[in-house]
Structure formats: structure tokens, C-alpha cells
Amino acid sequence: MSSSTRKAWLVVALLWPVAMLNYLDRQMLATMHLSMQKDIVELQSNEVYGTLMGVFLWVYAFCSPLGGFVADRMNRKWLIVGSLGVWSSVTLLMGTAHDLTTLLWLRRAMGVSEALYIPAGLSLIADYHHGATRSLAIGIHMSGIYVGQALGGVGGWIAQEISWRTAFASCGCVGVAYGIVLAFFLREKEDRGAVTTSPELRADGGGPSVAWVGYIILILCFALPSLPGWAVKNWLPTLLQERFFLDEKSSGLWATISHSGAAFLGVVVGGRLSDYLFKRSVYGRTWVSASGLFLKSVVIIGLGLAPGFGFVIVCSALYGFGFGLFDANSMPILCQVAPPRFRATGYGLMNFFGTAAGALITPYLGKLKDNGTPFAVSFAYCAIPALLAAILMILLRPRDRDRGVAA
């Protein structure tokens with residue numbers, strides 16, 4: 001293994017725990033509803049609890065394009081280290097909150113700080129990994145996200161056995177400590193200027209342009225499946241509690257481990273398969289992504305309406321696997337429609353639309369539930385946007401293998 005290859009995979013290894021903490025710290029809240037509502041009475045309303053989860057998503061959505069814009073223009077190492085340090089400190093403070101107002105402000109602060117990470121982290125990995133390893137590298141990194149979601153179920157276990165305050169405090173301390181480690185070992189790409197300056201210059205000397213039609217389709221493909229995606233992330237534990245009378249610990253673990261564990265496998269399989277097909281066709285990555293979206297659109301109906309607990313868990317696992325196939329390829333497909341100088345900003349804009357969809361759906365499903373509509377029915381209707389996204393992904397026809405950089 002050459003020195004450049006070792007450095008490329010070291011970046012993935014160093015950022016994997018950051019991706020895990022990024023989702024662990026935000027996802028714990030979805031598994032601790034029963035414990036938190038005992039201390040903060042306003043959270044007994046599903047709509048209010050959905051609003052608490054949704055306020056993070058709105059702030060995260062609006063700050064994601066800003067995070068991408070900044071990442072394209074400054075040292076990504078220090079942006080990542082600073083982002084991790086701030087959101088970990090906020091997580092620690094969540095454990096000290098005693099009222100809804102404080103929790104809302106802390107979730108807003110978490111939204112700002114976490115929005116700075118994903119565009120910077122993914123663009124840094126994409127710069128280190130060209131062509132034949134890009135989807136696998138992105139997929140391995142994204143597997144950290146799914147481990148973080150799965151470990152979010154541990155938050156429900158800690159909340160039930162010890163306290164929800166302990167869950168937040170312990171995760172916050174881990175993140176602050178790892179930020180110090182990252183400051184010593186993570187490196188910005190030394191020849192970043194060479195990566196962001198394409199040899200394929202336009203007449204105006206600005207390098208290749210964004211393939212805007214493909215990018216708009218990609219945004220829709222990212223936003224539409226985010227509606228069912230956030231519904232499952234934020235409300236599946238509650239659905240299991242209500243339909244199968246599970247306690248907080250069991251519902252949180254089953255919901256997160258079944259979905260996120262399968263998604264972990266999905267991003268690794270999807271990354272490897274996409275890199276293999278990509279060598280043979282410029283459409284290889286869109287094929288794998290579309291197949292994941294089709295799988296999601298089918299099994300989410302079973303996730304909502306399945307008659308038995310075992311069937312629901314199988315559907316949750318298949319849903320997670322399909323989401324993993326899709327998620328491993330979002331940034332690699334973006335690299336086929338946008339040059340390096342736009343990738344962090346481009347992913348930040350995609351994140352805006354995807355997260356805004358989650359911010360809309362989360363409190364809305366809570367309101368529907370308060371008004372008598374079961375989560376099972378709401379989940380089944382979420383199959384429609386996932387199916388539309390699958391069709392659009394098939395229609396996406398990228399012409400470049402790596403826009404602006406030789407693979």
C-alpha cells in the first residue's frame with residue numbers, strides 16, 4: 001500500500017468516530033421520550049416532542065449550505081474539530097436542562113454545529129479517494145452514522161436504567177475527548193489546490209461547470225426519501241411502544257439496531273458494488289442507489305402495517321439495507337455532476353432539502369398521532385416519496401465519471 005493510499009484510508013478511519021458521534025448525539029433524543037416527559041411535563045405531548053426533534057432539523061437544514069460554503073473555502077480539519085467540540089459540549093449541557101425552553105435552545109445550537117461537519121467530512125474523503133475506491137470509502141464513513149443511530153438505542157437503555165441526563169453527559173464527554181485526538185492526527189489534503197483546479201477549463205478559465213439538470217434531480221432524489229427516512233428514525237421507537245407494548249429500553253434498541261445495523265451492511269455492500277459497476281458503466285452508482293430506493297419504498301409499507309413484531313423488525317432491517325445502498329452513493333454521484341470546488345457546498349444544499357423534509361414530517365406525524373392517525377398508517381403513506389425518488393434516480397444520466405478530476 002502506497003503512502004498516499006495509507007493517508008487516504010487513515011482519513012476515513014479518523015472521521016468514522018466523528019460520523020458515529022454526529023448521529024449518536026442527535027438520535028438519542030428519539031429513544032428517551034418516556035424518561036424525559038417525567039421530568040419535563042410539556043414533553044408529554046407527541047406534537048411538542050416532535051417539535052423538539054424538529055427544531056434541530058430546521059436549524060441543521062438552513063445551516064447545511066453555509067457549512068458546505070465554508071468547507072469549500074477554509075481548512076476542513078479545523079472546521080471538523082471545532083464542529084465536534086461544540087456539538088459535544090452541547091450534548092453534555094443537554095443533561096443539565098430542566099425546562100423545554102433550554103432544551104429547544106440547546107437543540108438549535110446542536111443543529112448549527114453539526115451542520116458544519118458532513119459537507120466538510122465527505123468532501124475531504126472524496127478528495128482523498130478518486131474513482132475506484134470512492135463509494136467504498138464514503139460507504140465505510142457512512143457506516144459510522146448508522147452505528148451512531150444504533151447506539152442511540154443505548155440512550156433509551158441508559159435513560160431507563162440510570163437517567164436520561166447521564167446518557168447525554170457521558171456521550172458529550174466522549175466527543176470532547178475525541179476532538180483533542182482529532183486535532184493531533186487529522187490532516188487537510190496537502191495538494192487541495194490541485195484537486196480543486198480542473199484541467200478541463202472552460203473558456204472563462206473557471207473549470208467545468210455544474211451539470212445543473214442532474215444536480216436538481218439529485219436534490220429531489222435526496223429530499224424525497226428523507227421524508228420516510230426521518231419518520232423511521234424519529235418515530236419507530238414510539239410505534240413499537242404503542243403497537244407491541246415494549247418498554248423504552250427494548251423499543252429503542254430494537255428500532256435502532258434493526259434499522260441501523262442493516263444500513264451499516266448496506267453502505268458497505270453498496271459502496272463495494274458501486275465501485276465494481278462504476279468501472280464498467282458511468283451509471284453504475286445510480287443503478288445501485290435506485291435499487292436501494294425501490295427496496296425502501298416496498299418495505300416501509302410492511303414496516304407500518306405488518307401484523308406481527310417479527311415482521312416489523314424484518315421490514316426495518318430491509319429498509320435500513322436499502323437506505324444504505326442509497327446513502328453510500330450520494331456524494332460519489334454528486335462528484336459526477338459537480339467539480340471539486342462545489343462539492344461541499346453542493347452536498348450542503350442537498351442536506352438542506354433532505355433535512356428540511358425531516359423537519360416538516362417529524363412534528364406533522366406527531367400531530368397526526370395526537371389527532372388519532374396511527375404511526376403505522378403514516379409510515380405506509382411515506383412509501384410514495386421513496387418510490388418517486390427511485391424513478392428519478394433511474395432518470396438521472398450522469399455523463400462524467402468524475403467531473404473535473406481524472407479518476
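For the structure itself, consult the block above.
Calculation rules
- Residues numbered from 1 in each chain as written.
- Predicted model: local features only at pLDDT ≥ 70, side-chain atom pairs only at ≥ 80, totals over all residues.
- Heavy atoms only, no water.
- Helix = DSSP H or I, 4+ residues; strand = E, 2+ residues; numbered from the N terminus.
- Rg over C-alpha atoms; globule rule 2.2 N^0.38 Å.
- Buried < 20%, exposed > 50% of the residue type's maximum accessible area, 1.4 Å probe, protein only.
- Contact = heavy atoms within 4.5 Å.
- Areas by Shrake-Rupley, 256 points an atom, 1.4 Å probe, with all protein chains shown as cover.
- Phe/Tyr/Trp six-rings, centres within 6.5 Å; stacked < 30°, edge-to-face > 60°.
- Lys NZ or Arg CZ within 6 Å of the ring centre and 35° of its normal.
- 1 Å grid on protein atoms, 1.4 Å probe; cavity = no way out; pocket = protein on both sides within 12 Å on 5 of 7 lines; lining within 4 Å.
- Points joined across faces, edges and corners; volume = space filled by probe spheres on them.
- Nonpolar A, V, L, I, M, F, W, Y, C, P; charged D, E, K, R; others polar.
- Expected span 1.5 Å × (residues − 1).
- Patch = residues over 30% accessible without salt bridge, like charges linked within 9 Å, V, L, I, M, F, W, Y side chains within 5 Å.
- Salt bridge = Lys/Arg side-chain N within 4 Å of Asp/Glu carboxyl O.

Caption draft 1: Spotlight on the overall build of the protein chain. A count of helical and extended segments in the protein chain gives 18 helices and zero strands. Its C-alpha atoms give the protein chain a radius of gyration of 20 Å, near enough to 22 Å, the size a compact globule of 407 residues would have. In terms of overall dimensions, the protein chain has C-alpha extents of about 60 × 45 × 40 Å along its principal axes. Here the protein chain, with 407 residues, has 61% of them falling under the buried criterion. Counted over contacts in the protein chain with a minimum sequence separation of 6, partners at least 24 positions apart contribute 86%. About 14,900 Å² of surface is accessible on the protein chain, with carbon and sulfur atoms providing 69% of the total.

Caption draft 2: Just the packing of aromatic side chains, in detail. A complete count under the given rule lists 18 aromatic pairs for this structure. When the ring of Trp235 is compared with that of Phe375, the centres are 4.8 Å apart and the planes differ by 25 degrees; the resulting orientation is stacked. Placement of Trp235 in helix α11 (residues 226-244) and of Phe375 in helix α17 (residues 375-381) is noted, with a sequence separation of 140 residues between them. What makes Trp235 buried here is its relative accessible area of 0%. Assessed through its relative accessible area of 2%, Phe375 is described here as buried. The ring centre of Tyr60 lies 4.6 Å from the NZ or CZ of Arg26, which sits over that ring.

Caption draft 3: Geometry of the environment of Val59. Take Val59: it is sitting in helix α3 (residues 46-71). With near-sequence residues (within four places) excluded, Val59 lies in contact with Arg108, Gly111 and Val112.

Caption draft 4: Quick peek at empty space enclosed by the protein. Counting across every chain of the model gives three cavities of 30 Å³ or more. Estimated volume of the largest cavity: approximately 230 Å³. For the largest cavity, the lining is made up of 20 residues, of which Tyr23, Phe222, Lys233, Phe323 and Asp327 are closest to its centre. Secondary structure elements with two or more residues in the lining of the largest cavity: α1 (3-27), α7 (134-161), α11, α14 (309-327) and α16 (343-370). Taken together, the residues of the lining of the largest cavity break down into 12 nonpolar, five polar and three charged. In this structure, the second largest cavity occupies an estimated 70 Å³ of space. Lining the second largest cavity are Gln27, Gln149, Val232, Lys233, Leu236, Pro237, Ala255, Thr256, His259 and Ser260. Elements with a minimum of two residues in the lining of the second largest cavity: α11 and α12 (248-278). Looking at the lining of the second largest cavity residue by residue, the classes come out as four nonpolar, five polar and one charged.

Caption draft 5: Structural context of α7. Taking 1.5 Å as the rise per residue, α7 with 28 residues should run 40 Å; its terminal C-alpha atoms sit 41 Å apart, in good agreement. Of all the 28 residues making up α7, 21 are buried; the element is thus mostly covered by neighbouring parts of the structure.

Caption draft 6: Region of interest: a nonpolar patch on the surface. Residues Phe294, Ile301, Leu305, Val377, Tyr381, Ile384, Leu387, Leu388, Ile391, Ile394 and Leu395 make up a contiguous nonpolar surface patch of about 980 Å² in total accessible area. At the level of secondary structure, the elements contributing two or more residues to the nonpolar patch comprise α13 (284-305), α17 and α18 (383-395). It is α18 that provides the largest number of residues to the nonpolar patch, a total of six residues. Looking at the secondary structure, you find Ile301 in helix α13.

Caption draft 7: Looking closely at unusual backbone geometry. The phi dihedral of Phe245 is positive, around 55 degrees, even though this residue is not glycine. Take Phe245: it is sitting in the loop between α11 and α12. Look at Phe245 and you get exposed, because its relative accessible area is 74%.

Caption draft 8: How the structure looks around the layout of surface pockets. The computed volume of the largest pocket comes to approximately 330 Å³. Considering the residues around the largest pocket, the lining is formed by 19 residues, among which Ser4, Lys7, Ala8, Tyr128 and Lys189 are closest to the centre. Listed by contribution, the elements that provide at least two residues to the lining of the largest pocket are α1 and α6 (117-128). Here the lining of the largest pocket takes eight residues from α1, the largest share from any one element.

Any functional reading would require information beyond the geometric quantities listed.
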